[in-house]
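# A look at the structure
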Amino acid sequence: MQAARDSRRAVARLRSPALVGALLALIVALLCALDRRGEWLPWIDDLERASFDQRLRWRGPLAPTGEVVIVAIDDATLERRPELYQRRAGTAALIRAIAAAKPAAIGVDQIYIDPEEVLSPGLTARVREHVEKDMAQATGPLGQSDALLRDVARELAGDAELAAAVREAENVVLALHLTREDDGGGRPLPAREALRHGRYGQQDAGAPPARWAKTGLVSLPQILAAARALGGITVEEDRDRAIRAVPAAWRVGDAAYAPLSVQLVAVRDGLTRAEVAYLGDKVQLGAREVPLGEREALVVNPRGGSGTIVTIPAVEVVEHAPDPRLRGKIVLLGVTYFGHDVVRSPFGGEYPGLELQALALAAILAGDAIVRAPMLVDSLVALASGLLVSLLFAAALGLGPHWRIAGVLVVAGLDLAAAYLAFTRAHVWLALVWPLLATLLAGAAALAAAYASEALQRVRLRRTFSHYLGAEVLDELLADPTALGLGGARRELTVLFSDIRDFTSIAERLSPEDLVALLNTYLTPMTQEVMARAGYLDKYIGDAVMAVYGAPVARKDHAARALATAVAMHGALARLQPALRARGVERFEIGVGVNTGEMVVGNMGSEDRFDYTVVGDAVNLASRLEGLTKVYGVYCLVGAQARAAAPPEFAFREVDLVRVKGKAKPVAIFELLSGPGGEVARYPGLERFAAALAAYRAGDFTAARAAFAEFQRQNPDDPVVRLYFERLAALGDAAPPGWDGVAAFTSK
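Residues numbered from 1 in each chain as written. Predicted model: local features only at pLDDT ≥ 70, side-chain atom pairs only at ≥ 80, totals over all residues. Heavy atoms only, no water.

### Looking at the overall build of the protein
Along the backbone of the protein there are 25 helices and 30 strands. Summarising the internal contacts of the protein: among those between residues at least 6 apart in sequence, 75% fall at separations of at least 24. Roughly 34,500 Å² of accessible area belongs to the protein as shown, and the carbon and sulfur atoms make up 56% of that amount. (Helix = DSSP H or I, 4+ residues; strand = E, 2+ residues; numbered from the N terminus. Contact = heavy atoms within 4.5 Å. Areas by Shrake-Rupley, 256 points an atom, 1.4 Å probe, with all protein chains shown as cover.)

Here's what the structure looks like:
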């Protein structure tokens with residue numbers, strides 16, 4: 001038995017909407033943690049990136065730092081001075097023009113992989129040999145052809161010219177592109193010594209970069225050696241082809257290599273290599289700390305759409321050198337002409353890849369690089385969101401479906417607000433999709449479980465109460481099961497008891513089959529009258545009927561309904577008399593007791609079997625009143641509180657002041673005479689009865705006898721008057737000491 005009960009409890013807990021929501025929230029939080037480790041739910045990650053872009057758009061553009069300037073080889077430059085891009089000597093002239101403005105650092109987002117080929121390699125070698133050997137030995141003035149060859153030789157020395165310009169500037173950082181061996185597009189890297197000025201000066205040996213490279217693209221050795229530093233320009237596209245982050249480190253061998261943005265800030269701040277450190281979760285640039293998000297990347301904080309960073313055409317820099325707009329700035333030199341190296345912007349549209357490097361620089365300088373929240377934080381936020389939604393479905397709160405749905409929307413709004421505020425105030429990329437998923441899934445699952453539980457509850461209620469409640473009341477109860485209050489509550493209700501007079505003698509005269517048929521004939525209309533007035537048929541106690549009014553569905557007029565039932569039962573019994581006589585019962589009478597008062601209502605019984613019923617002194621008094629109808633010989637006795645709650649349409653006669661068994665305080669009892677549904681009894685001269693009763697209680701027995709006698713002349717068959725004459729005969733002419741006029745009953 002205990003195992004069965006435990007099993008039922010476990011099943012009930014599993015059907016709990018709050019628990020269903022909490023379990024789903026936990027599952028979503030675990031999925032969030034797993035996905036953050038490996039991105040094995042790509043569609044979720046796509047939505048999360050889209051939410052990141054939306055947060056950028058909600059935030060709007062940021063003011064540019066003003067410390068970064070782009071010198072762009074754009075369409076205007078190619079049209080007016082194409083040699084600035086097409087010839088190494090032209091690029092050298094451009095770098096010298098930039099350096100003349102005394103910028104803080106120059107970053108070249110170009111890689112010069114192969115020697116410049118103006119002529120074929122063989123012809124180039126012959127021209128150089130002639131100029132360097134034959135013309136060097138000449139003593140006289142150069143002829144026209146030799147002068148021409150010397151000019152040609154200068155044009156062929158573009159690589160050397162570019163290396164010289166880089167060396168003279170002393171603050172140029174060249175680009176370095178690193179690739180994995182299987183990525184393709186890379187070449188074997190030169191010796192580590194040639195790349196030494198691309199490495200971090202310090203690194204955490206316990207946290208080497210996750211990205212590794214064995215191949216890549218670097219400039220010619222002579223150009224490479226002339227640079228102040230090397231910086232990686234390798235980026236990685238997300239699935240939607242947008243670039244939101246710049247890798248902060250690549251591992252080549254056992255060394256960590258820095259990106260272009262980090263190296264430019266180091267040059268700008270005059271840092272030594274030892275002051276530039278990669279520490280796994282951050283980059284240290286002197287006193288400046290740059291936090292990194294997941295995958296050791298610097299998440300770019302776009303200032304706006306394309307053109308946010310100040311951009312100057314290269315042709316203007318050369319033609320107006322030195323350009324004052326470059327003084328003290330970090331200058332990025334690269335290509336932006338139409339269709340070349342563009343990336344998708346989170347703000348919509350596209351911008352040059354060069355601008356991505358500028359934005360990474362601006363984020364470092366402004367200290368507002370976006371940091372992706374740790375996996376644990378995202379998972380806990382998702383879990384908290386789901387649990388908060390689950391709490392809305394806790395039975396203790398008693399919230400209705402509309403409040404629950406509103407609560408789910410509020411939690412979703414809190415998720416949005418938290419993600420937005422973390423993004424704009426703390427520059428933290430807090431997951432939004434996972435918390436929203438936890439919120440909506442937990443809410444939907446809990447709501448579905450709540451509806452399923454409510455449907456099951458309705459089925460149970462219909463099965464339980466269909467034999468005890470009328471159809472209209474049952475429909476009300478099913479519409480709002482919370483009105484049932486199954487947990488037990490103290491409420492003011494009205495109880496009706498009815499019982500067949502002399503049932504024992506009737507039962508002795510009938511066979512079992514006839515007795516059952518008689519009871520069914522009698523109980524059917526009595527039950528119908530109870531249910532017709534929204535009464536709850538609590539139980540049949542043998543031949544007795546117990547009905548409750550005001551529960552399970554609350555009714556303010558419960559006393560009036562109970563009294564109306566008593567009147568209706570009297571009429572139904574009168575109509576039933578012919579059928580009862582046909583079954584051999586000549587005299588069939590019932591007694592009814594009605595009482596109103598505070599009582600406890602709810603499910604009562606054992607863990608395995610229980611009933612919805614009421615208990616309390618008020619219930620006991622109603623039962624005593626029904627029993628007292630035999631003593632007073634009346635149809636229905638009503639308690640004082642029910643009498644006080646009755647509307648004016650009901651008529652009563654005060655019968656006595658009694659002290660029933662188990663109660664020390666006397667209570668007034670009343671006979672129900674009539675109501676809106678009919679008449680039970682009629683007594684002319686009720687004022688004489690009231691006067692007699694008052695004299696009796698006052699101890700003036702002489703006056704009481706006289707008044708009772710006068711009332712009896714008008715109502716010779718009244719059993720109550722006969723009872724009082726019997727009492728007066730026993731009492732004599734004088735009231736005993738301590739007389740209070742209360743009749744005490746010591747039996748039920």
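### Considerations on the environment of E161
Examined against the element boundaries, E161 turns out to sit in helix α9 (residues 158-169). Residue E161 is classed as partly exposed on the basis of its relative accessible area, which comes to 34%. With 68 residues separating them along the chain, E161 and A93 place their C-alpha atoms 8.7 Å apart. Once you skip the residues sitting within four places of it in the chain, E161 turns out to touch A89, A92 and R96. (Buried < 20%, exposed > 50% of the residue type's maximum accessible area, 1.4 Å probe, protein only.)

### Thoughts on the environment of A92
Take A92: it is sitting in helix α6 (residues 88-100). Measuring from C-alpha to C-alpha, the distance between A92 and D159 comes to 8.8 Å, with 67 residues separating the pair along the chain. Residues within four places of A92 in sequence aside, it is in contact with E161, L162 and A165.

### Some remarks on the packing of aromatic side chains
Applying the stated criterion across every chain yields a total of 16 aromatic pairs. Both rings, one in F701 and one in W739, keep their centres 5.4 Å apart while their planes meet at 85°; by these two values the pair is edge-to-face. Note that F701 is positioned in helix α24 (residues 701-714) and W739 in the loop between α25 (719-731) and β30 (743-744), a separation of 38 residues in sequence. In textbook terms, an aromatic cluster arises when at least three aromatic residues are bridged by ring pairs, as seen for Y683, F689, Y696, F701, F708, F711, Y724, F725 and W739. (Phe/Tyr/Trp six-rings, centres within 6.5 Å; stacked < 30°, edge-to-face > 60°.)

### A word on the nonpolar core
Counting 45 residues, the largest nonpolar core has Y200, V262, L264, V283, L285 and L332 as its most contacted members. Breaking this core down by element, the ones donating at least two residues are β1 (68-73), β3 (172-179), α11 (260-268), β11 (276-278), β12 (282-285), β16 (330-335) and α13 (353-366). At nine residues, the largest contribution of residues to this core is made by α13. Residues within four places of L332 in sequence aside, it is in contact with V68, V69, I70, V71, G107, L260, L264, L354, Q357, A358 and L361. (Core = buried A, V, L, I, M, F, W, Y, C linked by side-chain atoms within 4.5 Å.)

### Some details on unusual backbone geometry
Here the bond from A321 into P322 is cis, since omega is -5°, no more than 30 degrees from zero. Mapping P322 onto the fold places it in the loop between α12 (314-319) and β16. Omega for the bond connecting A551 with P552 falls within 30 degrees of zero, at 0°, which places this linkage in the cis form. A positive phi angle, close to 60°, is found at A534, a residue other than glycine. Looking at the element boundaries, A534 is found in the loop between α19 (512-532) and β22 (536-541).

### Comments concerning helix α21 (residues 617-632)
With 16 residues, α21 ought to run about 22 Å at 1.5 Å a step, and its terminal C-alpha atoms sit 22 Å apart, in line with that. Taken together, the buried positions of α21 are A618, V619, L621, A622, R624, L625, E626, L628, T629 and Y632. A positive backbone phi angle near 70° is found at G633, which sits one or two residues after α21. (Expected span 1.5 Å × (residues − 1).)

### So, the sheet that holds β12
In a beta sheet, neighbouring strands are held together by backbone hydrogen bonds and run either parallel or antiparallel to one another. On the basis of which strands lie adjacent, the open sheet formed by four strands has the order β5-β11-β12-β13 and mixed pairing. With one partner strand each, in any of the chains shown, β5 (202-203) and β13 (288-291) form the two edges of the open sheet. Where β5 meets β11, two bridges bridge the pair, whose relative direction is parallel. Opposite Q202, over in β11, you have A277 as the bridge partner. Most of the contacts of α11 go to β12, to which it runs at about 20°, and overall it touches β11, β12 and β13. (Pairing = 2+ DSSP bridges. Axes fitted to C-alpha atoms, helices over the stretch in contact; angles between N-to-C directions.)

### Brief notes about the packing of helix α3 (residues 42-59) against helix α15 (residues 401-426)
Look at α3 against α15: their axes get within 10 Å of each other, and the N-to-C directions meet at 70°. Between α3 and α15, the angle falls in the class roughly perpendicular. In this structure, α3 meets α15 at a crossing whose hand is right-handed. Along the contact surface, α3 presents F52, R55, L56, W58 and R59, while α15 presents L416, A419, Y420, F423 and T424. Considering only residue class, the contact of α3 with α15 consists of seven nonpolar, one polar and two charged. (Parallel < 35°, antiparallel > 145°, perpendicular 65-115°, else oblique. Left-handed = near helix turned anticlockwise from the far one by under 90°. Nonpolar A, V, L, I, M, F, W, Y, C, P; charged D, E, K, R; others polar.)

### A short note on the pattern of salt bridges
Here the structure, examined in full by the defined rule, presents 40 salt bridges. Residues R268 and E67 are paired through a salt bridge, measuring 2.1 Å at the closest nitrogen-oxygen approach. Of this pair, R268 sits in helix α11 while E67 is found in the loop between α3 and β1, placing the two residues 201 residues apart along the sequence. For the salt bridge of K630 with E626, the shortest nitrogen-to-oxygen distance reads 3.6 Å. Residue K630 and its partner E626 are located together in helix α21, separated by four residues, close to a single helical turn. Through salt bridges that share partners, D46, R49, D53, D238, R239 and R244 make up one connected network. (Salt bridge = Lys/Arg side-chain N within 4 Å of Asp/Glu carboxyl O.)

None of this, on its own, says anything about what the molecule does.
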